[in-house]
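Here is how the chains run, residue by residue.
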Amino acid sequence: HRFFTKGEYHRYGINKTISPSMDICVSSNFERYLFHLSGDDSATLAKWMKDFETTGKLTIGGKLLDQAKKDFLSARADTAMTLE
């Protein structure tokens, strides 16, 4: 959710929730989307992934973030909202 609202894909510790399928830190399929977002530019993707592996952070802004917001609608729900 943070990526599609703030442009931040940062590695954090995992907080276990009542929704274990959402308790992930790094999505294995997300790299495919990043390739698309990069304009199918493998060199850009390789740099992003190398930087992410080194720093634990990948941050985008400007036109890339605008495009990501057009591509996906994102929302979050806390435990109380999930139980409703």
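## Description of the pattern of salt bridges
1) Next: Scanning all chains against the criterion turns up one salt bridge.
2) Next: Linking Lys47 and Asp51 is a salt bridge whose minimum nitrogen-to-oxygen distance equals 2.6 Å. In this pair, Lys47 and Asp51 both sit in helix H3 (residues 42–55), four residues apart, roughly one turn of the helix.
3) Next: Residue Asp51 is classed as partly exposed on the basis of its relative accessible area, which comes to 32%.

## A closer look at the environment of Trp48
1) Next: Relative to the assigned elements, Trp48 resides in helix H3.
2) Next: Residue classification places Trp48 among the buried residues on the basis of a relative accessible area of 14%.
3) Next: Sequence spacing of Trp48 and Phe35 is 13 residues, and the spatial spacing of their C-alpha atoms is 9.7 Å.
4) Next: If near-sequence neighbours (up to four positions away) are discounted, Trp48 is found in contact with Leu34, Ser38, Leu58 and Leu64.

## Thoughts on the side chain of Ser38
1) Next: In this fold, Ser38 is placed in the loop between helix H2 (30–37) and H3.
2) Next: Separated by 3.1 Å, the side chain of Ser38 and the backbone nitrogen of Asp41 make a polar contact.
3) Next: Apart from residues lying up to four places away in sequence, Ser38 is in contact with Thr44 and Trp48.

## What to know about the packing of H2 against helix H4 (residues 62–71)
1) Next: Between H2 and H4, the shortest axis-to-axis distance is 11 Å and the interhelical angle comes to 120 degrees. Our classification of the angle between H2 and H4 gives oblique. Remark: the crossing between H2 and H4 carries right-handed chirality. Here Tyr33, His36 and Leu37 of H2 come into contact with H4, specifically with Leu64, Gln67, Ala68 and Asp71.
2) Next: By residue class, the composition of the contact of H2 with H4 is four nonpolar, two polar and one charged.

## A look at the packing of aromatic side chains
1) Next: Summed over the entire model, instances satisfying the criterion amount to 10 aromatic pairs.
2) Next: Judged by centre distance (6.1 Å) and plane angle (35 degrees), the rings of Phe30 and Tyr33 are tilted. Taken together, the positions of Phe30 and Tyr33, both in helix H2 and three residues apart, correspond to about one turn of that helix. Side by side, Phe30 and Tyr33 carry an identical accessibility label, which is buried.
3) Next: A network of ring pairs unites the aromatic residues Phe3, Phe4, Tyr9, Phe30, Tyr33, Phe52 and Phe72 as a single cluster.

Rules and cut-offs
- Residues numbered from 1 in each chain as written.
- Predicted model: local features only at pLDDT ≥ 70, side-chain atom pairs only at ≥ 80, totals over all residues.
- Heavy atoms only, no water.
- Salt bridge = Lys/Arg side-chain N within 4 Å of Asp/Glu carboxyl O.
- Helix = DSSP H or I, 4+ residues; strand = E, 2+ residues; numbered from the N terminus.
- Buried < 20%, exposed > 50% of the residue type's maximum accessible area, 1.4 Å probe, protein only.
- Contact = heavy atoms within 4.5 Å.
- Polar contact = N/O pair within 3.5 Å; in protein donor to acceptor, adjacent residues only side chain to side chain.
- Axes fitted to C-alpha atoms, helices over the stretch in contact; angles between N-to-C directions.
- Parallel < 35°, antiparallel > 145°, perpendicular 65-115°, else oblique.
- Left-handed = near helix turned anticlockwise from the far one by under 90°.
- Nonpolar A, V, L, I, M, F, W, Y, C, P; charged D, E, K, R; others polar.
- Phe/Tyr/Trp six-rings, centres within 6.5 Å; stacked < 30°, edge-to-face > 60°.

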